[in-house]
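# A closer look at the structure
Chain by chain, the residues run as shown.
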Amino acid sequence: MVHNRASKADSTPHYKRWLQRWWQPREPAQQFYKALEERCHRYLACARVQSRGIFVFLDLASVPTDTMQTFAYEDDYSLP
């Protein structure tokens, strides 16, 4: 069953991308970056692991990684 499914190229489209980027831990978040660029000129971020949250606004020139929690708020009053 697995061999039959894996032998079909259309059933595993992510495998070709994985072969090109096998050293990267996950798929690139292009949809996230595109939405961030369309919606904001800055975003709110804080470190993922911390004892006390320190939030800062970052410019879009700073690329967020998986070590940060990011929020697509560019104004100071939209926080829930």
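Note that this is a predicted model, so its numbers are computed, not measured.

All right, on to the confidence of the model for the protein then. For the protein, the average pLDDT comes to 75, and 74% of its residues sit at 70 or higher. By mean pLDDT, helix H1 (residues 2-7) is the weakest element of the protein at 58, and strand E2 (residues 56-59) is the strongest at 88.

Time to look at the packing of aromatic side chains. Using the criterion set out here, one finds one aromatic pair in the structure. Their ring planes at 50° and their centres at 6.2 Å tell us that Phe 55 and Phe 71 sit as a pair that is tilted. Of this pair, Phe 55 sits in the loop between strand E1 (42-47) and E2 while Phe 71 sits in strand E3 (residues 68-71), placing them 16 residues apart in sequence. Note on Phe 55: relative accessible area 46%, which makes it partly exposed. Above the ring of Phe 57, the side-chain terminus of Arg 42 is found at 3.7 Å from the ring centroid.

Turning our attention to a nonpolar patch on the surface. Among the surface-exposed residues, Tyr 15, Trp 18, Leu 19, Trp 22 and Trp 23 lie close enough to one another that they form a single nonpolar patch of about 650 Å² accessible area. Structurally, Tyr 15 can be placed in helix H2 (residues 14-20).

On to the environment of Val 49, then. Within the element layout of this structure, Val 49 appears in the loop between E1 and E2. The class of Val 49 is exposed, set by a relative accessible area of 76%. Note: C-alpha distance between Val 49 and Thr 67 (18 residues apart in sequence) is 7.6 Å.

Further remarks concern the sheet that holds E1. Pairing is antiparallel across the open sheet formed by three strands, whose spatial order is E2-E1-E3. The strands lining the two open edges of the sheet, one partner per strand, are E2 and E3. The mean angle between the axes of side-by-side strands here comes to 40°, regardless of whether they run parallel or antiparallel. The pairing of E1 with E3 spans four bridges and is classified as antiparallel.

Time to look at the environment of Asp 75. Structurally, the position occupied by Asp 75 is in the segment after E3. By relative accessible area, Asp 75 is classed as partly exposed at 35%. It is 8.7 Å that separates the C-alpha atoms of Asp 75 and Arg 42, two residues lying 33 residues apart in sequence. Ignoring sequence-local partners within four residues, the contact set of Asp 75 consists of Arg 42 and Phe 57.

Here is what the cut-offs are and how they apply
Residues numbered from 1 in each chain as written. Predicted model: local features only at pLDDT ≥ 70, side-chain atom pairs only at ≥ 80, totals over all residues. Heavy atoms only, no water. pLDDT = per-residue confidence, 0-100. Helix = DSSP H or I, 4+ residues; strand = E, 2+ residues; numbered from the N terminus. Phe/Tyr/Trp six-rings, centres within 6.5 Å; stacked < 30°, edge-to-face > 60°. Buried < 20%, exposed > 50% of the residue type's maximum accessible area, 1.4 Å probe, protein only. Lys NZ or Arg CZ within 6 Å of the ring centre and 35° of its normal. Patch = residues over 30% accessible without salt bridge, like charges linked within 9 Å, V, L, I, M, F, W, Y side chains within 5 Å. Areas by Shrake-Rupley, 256 points an atom, 1.4 Å probe, with all protein chains shown as cover. Salt bridge = Lys/Arg side-chain N within 4 Å of Asp/Glu carboxyl O. Pairing = 2+ DSSP bridges. Axes fitted to C-alpha atoms, helices over the stretch in contact; angles between N-to-C directions. Contact = heavy atoms within 4.5 Å.

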